Structure formats: C-alpha cells, structure tokens
Amino acid sequence: MAASRTEILRMLAEMARLTALDEGSPQSFKARAYEAALAGIEGHPGELTGLSKTELTKIKGVGNSIAEKILEFDTTGTVRKLEELRAKYPPGFVELTRVPGLGPKTLKMLRDRLGVVDVDSLKEALDAERLRELPGMGEKSEEKIRRALERLGMHGKDRRTPLVEVYGLAHSLAARLGDLPGVVEAVPCGSIRRFSDTIGDVDIVVATTDPVVVMNEVANLPHLSELIGSGETKTSFLTHEGLQVDVRAVHPDQFGSALLYFTGSKVHNIALRQRAIDRGWLLSEYGLFEEEKVVASVTEEDLYAALGMEYVPPPLREGRGEVEAAAGDRLPRLIRREDIAGDMHYHSDRSGDGRSSLEEMVEAAIEAGYRYVAFTDHGEDLTINGSSREEMLAHRDRIRQLDDRYPEIDLLFGCELNIGPDGSLDYDPGFRLEFDWCVASIHSHFDLPAEQQTIRVLKALSDPAVNAIGHLTGRYVGRRPGVELDVDAVLEGLATTGVALEINGALDRLDATDEVARRAMAAGVDVVIDTDSHHTRELIRMDYGVRWAQRGWVTVDRVLNARPIEEIRARVAARR
DNA sequence: GCCGTTTTCGGCCCGACTGTTTTCAGTCG
C-alpha cells in the first residue's frame, strides 16, 4: 500500500502532538523535530511515496528516524511508535489539551494524581474540589479550568476562524486604537497580516509612547466579553463571538521588531532568531541586539537588512523556504497590486446575483486603475442567475457601446460558464466562441468522487472557448470543503492547453489555494487573479487576491492580467 | 529527533502574564 502525501503529513502532525504531550512540553526537542520535518516536507514539492531512505533524509528536517517512520507508514499503513503513543494517550485525554490553561505538565499531574483521563473525569475532580490539593494549583485555577471547560468547543485552543469573519473587525479595532493619543500606528499582525485563510486569534501591535492609554481603551472596548489577562503592555480578551484578541503596546522605536515578531510565523521567527544567534546577536520583539547595543529595531526593512536578507513580504513568512531564498537574494519577483492591469472575472446585474449595473462596474474598474475588464456574467445553465443567448447578445451590444463611450478602458464580452457534473458547458460550442473570454467554474455537484471531478474539470478545460478555470474547488473557507480532485492532473491539463488557473480574491473563497498556486508555478501554469465582483464595493478583493497569490509564490511574469490586453487577446485567438 | 563554514556531541528562540508562590513553573504566543 502507498500512503498519500496528505496522510504522511497527518501522521507526522499526530506524532508531533502526542510527542509534545509525552515529553511534557511542545518545546520538547523531539516534538519540534517532528514539526520541523512536517514543515520541511510541506516545502518539498515532489512526491514522497517510492522515495528511498537516503532520498527522504535529504528533505530538510527529516533524519534517519523520521525517514524510517515514513517508510514504515508507507508500507504497513501505520507506525508502531504512533500506535504506542495513541494507546498511552487516548483521544479523550488528548481532547483535554484543547482546554486553555491546561498544558502537558498539568494534564500529566491530573492523570497521575487524580485519575483524570477525559472531560468527564476532569469535571468530577473539579466538582469534588480536588485540584486545589495539587502543588501549584488553587481555587483560582479550578475556577479558570471550570470556565474554560464550559466554553470548550466554542473556542478551544485549536479552533480556527475563517479570515473573512475577522478581517473587518481586526482592522476596525486597529483603526480605533490608532486614533488614541500617543499612538503612532496600530496594525493587525499574526496570520491576518500573513493573509492566512483561517486565523487562530487576532494580534494587534500598537506603536505608542503611552501604553497605559491603550491598555485602558482595550479593557473598555464594547467588543470585550471576557478579559483573559492584562498587564502593562499586553491585554488579551475574548469577543462576544468567542474570538481571542491580543493587543500589545510597544515603543515606536521598537515597532519594526514588534511587527516582525507578532507577524510570525513561529517557524519564520525561529529561523530569524537562529540567524541572529549565528552572528552573536539576539533577536526579540524589542529589537536586534549585540550585547546591549541595538543593531536594528525601528522597521522590518532594517531588521532583514541587518540579518543579511532581502525583505520578506508577510504572506511569504511561513517557513516554506523564504528564509533561505531571502538570504541568498533569490526571492522571486512576486506579483504586486500595482502590476494588475485588469480583472477577468467580473459581473454586472446581467447576472441574477449581480448587484451593480454595467455602467457602475465600468466606472469602478476605471477608478481602480484598470486598463481592461472582462464582464463574465453567468451562462444559461445557472437557471436563476444565468442569461439566455438572446439576453447575452443584447448584453454584448451594451458592452460594445460602453467600450466606445469609455476609451480609457477595454471592455471584453465574456461569460462565466458553468461546469456540469459531466464536464459539459453552457450553450453550444459555436455560441461559446462568440465570447471574447470565458472562465469556467463549478457551482454544484461538490460530492462526486475525486476521479470524476478530475475528469469533469479536464473535459471543461479542453473546450477551446475556455480561457480560465474559476474558483477551482468551489470551497467556502470554513463552511464548505470544495471538491476533491487530482490537482497534478488538472495542472498538467492547464499547462498543455494554456488555460489559466484563477486565483479568486473573494475572502471566503481564496480558491485555488496558496498550495495549489505554488504547484501551478512549478508546473508552468499561468494564473489570473480575479475579484469575481458582483458589486462595486467588491473590487477591494483584488488586494486580497494578490496577497493570496503571494502566499503561493506567484510571480509577476506568470499572471495573465498583469499583461497588456493584446497579449490576452492573442492567447485567446491562438487557442481557437 | 535533527544537525554541523567552530561541532558526529551538545546544543536546539524569546519574553509576558498568571497563579501560586517568596523565586518560579507552567502556559501561551
């Protein structure tokens, strides 16, 4: 039997989790070794199955022992060591690690001294007031754990929230703190700044000469439901939705190092700190130090430069090879918002779910600085939102008229075709070729087997009218997983046909994923970064799409809509 | 468990806050 890449990653993640528990600390070197191997493999593009032990140990973070475990897992389907750990720490006990405030040390003590093995037995021990008998524990600890248990499942330590649900809140909170007296700047950091599609909690760093004012403001925010902790420079609280927010105040002179530290990721930070150590320095949120002397601290640019690296944009800071690349001046020229020349997935109220008129959408596009835009209203197969042939042809006339009226922008008559369960598309082949540009996307039948989904998408992209595949999996972050398909097969299809992979900037979609985008780069597939706007206020999604693409290491030379319209037209023509 | 332009052994990122303690361990990020 051969284990898939995903299964191997999951196995290593479980090994890391259980080893941390067994060793009594997530900082345990063994646990971190598993995490390092996990990161190394995630950054390793190729297949894993079939690799020899020697080849496996060439992967960063994978040594003899982990290579053997991967081989064992690949051939037998399990790992003896993992089975032992599972027996020692059954799921009910592991569940307890999700309780905020309960770490491995405390959990071990609870089990050894009080026989606590799961949530129920923990509750019994709490009711009997037995925890306070233990060293280091008291009445307050009992109360804290009791409260944490009550809201377990609502927001355990490992709960991730879709970015779309917190993005607005985080920025409005930062804006509010930014207006306080003494505050120079307030910025959401952490996974929000790295632009991860899900986030654990909200981290806001405030540059201020007067941290007391900031801490007071935070303690009295209307969003605050429960105060978790508050000190002179740091306050943590839960919102009414159960989201944890950490606000940290630093002196403006230390803002760069604070931003760097609180943006993470953890893996990225550790790598930077290691670089500092290699130079005999120390890097913390307060700055880069040589003994007592500050080497750099005011801006992130200063810090990277001092460490002998190119500046690393936040979306890249995931420990996926960016540290090595930046140190060797090998960071790719990533796509940037100012490179974008147009939007190739764009709706008007011709679509049933469109909310702004053609004129409004054209003017919004001009306002955004675009040189061209493709209107891609839904085809007839989406019965509620789509348009008939007659409607589409009338629509085309209006687009041509507007194209004449607005010489500063080129308007394309396009369509968002619906990919049926069998890969079929709207209209007929001849009519489809009437369009200047077509994006084809999945809108239903999300549960078909992966093999069928792959055939479905491959069939759609083989149609000469199709120029891009929209929101590849149809996922909604945190709500709908999206279709399963053979990504490599699809990428190969895209590469051979010259059809582009869309990176959809809608915050709840962010589809294709950053991971797929990166594989697309390796496979020689071009992308289009689109907003899929249905309203003039959705054009901001281009910022999101670009940052998401950066997470996928998408380079400017591979983005179709960073090129002149003539090149896009030529590409469409060449395909027919 | 991994790793080596000082090392095949002895290291492995750094600091705030809490609760329980009089100096610190545990947890978290």
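What comes next concerns the included structure. (Residues numbered from 1 in each chain as written. Chains lettered and ligands numbered in written order. Predicted model: local features only at pLDDT ≥ 70, side-chain atom pairs only at ≥ 80, totals over all residues. Heavy atoms only, no water.)

1. Brief notes about the sheet that holds strand β11 (residues 342-346)
The pairing of strands in a sheet happens through backbone hydrogen bonds and is either parallel or antiparallel. Our working rule: Strands pair, by our definition, only if DSSP identifies at least two bridges between them. By the criteria applied, helices consist of DSSP H or I runs no shorter than four residues and strands consist of E runs no shorter than two, each listed in order from the N terminus. It only takes one pair of heavy atoms within 4.5 Å for two residues to be counted as in contact. Throughout, an axis means a line fitted to C-alpha atoms (over the contacting stretch in the case of helices), and angles, computed between N-to-C directions, take values from 0 to 180 degrees.
Strand order across the open sheet formed by 7 strands is β11-β12-β13-β14-β15-β16-β17, with parallel pairing between neighbours. In this open sheet, the two strands that pair with only one neighbour each are β11 and β17 (527-530). Where strand β13 (residues 410-418) meets strand β14 (residues 437-441), 5 bridges bridge the pair, whose relative direction is parallel. Looking at β14, one finds that Asn418 is bridged to Ser441. Of the strands in this sheet, β11, β16 (500-504) and β17 touch helix α23 (residues 541-551), which is tilted by about 145 degrees from β17. Lying over the sheet, helix α24 (residues 565-574) contacts β11, β12 (372-378), β13 and β14, oriented at roughly 45 degrees with respect to β13.

2. Some thoughts on the protein's contact with DNA strand B
Heads up, the rule is: Nearness of a residue to a molecule or strand requires only that one of the residue's heavy atoms be within 4 Å of it. The term polar contact refers here to a pair of N or O atoms within 3.5 Å; inside protein, the definition further demands a hydrogen-donor-capable atom paired with an acceptor-capable atom, and it admits residues adjacent in sequence only when both atoms are side-chain atoms.
Taken together, the neighbourhood of DNA strand B is formed by 50 residues, with Arg32, Thr106, Gly138, Tyr261 and Arg273 sitting nearest. When the atoms of DNA strand B within 4 Å of the protein are sorted by group, sugar and phosphate make up 74%. Interatomic distance of 2.4 Å between a side-chain N/O atom of Thr106 and a phosphate oxygen of DNA strand B. Side-chain polar atom of Tyr286 to a phosphate oxygen of DNA strand B: 2.7 Å apart, as the coordinates give it.

3. Remarks on the pairing of β12
Note the threshold: Under the scheme applied here, a residue whose accessible area is under 20% of the maximum for its type counts as buried, over 50% as exposed, and between as partly exposed, the area being computed with a 1.4 Å probe on protein chains only. Assignment of crossover handedness uses the view with strands pointing away from the viewer, where a clockwise path from the first strand over the helix to the second indicates a right-handed crossover.
With 7 of its 7 residues buried, β12 lies for the most part within the structure. Remark: the β11/helix α17 (residues 358-367)/β12 crossover connection has right-handed handedness. Here 7 bridges tie β12 to β13, and the two strands are oriented parallel to one another. Considered in β13, the bridge of His378 is made with Glu416. Once you follow β12 into helix α18 (residues 389-405) and on to β13, the crossover reads as right-handed.

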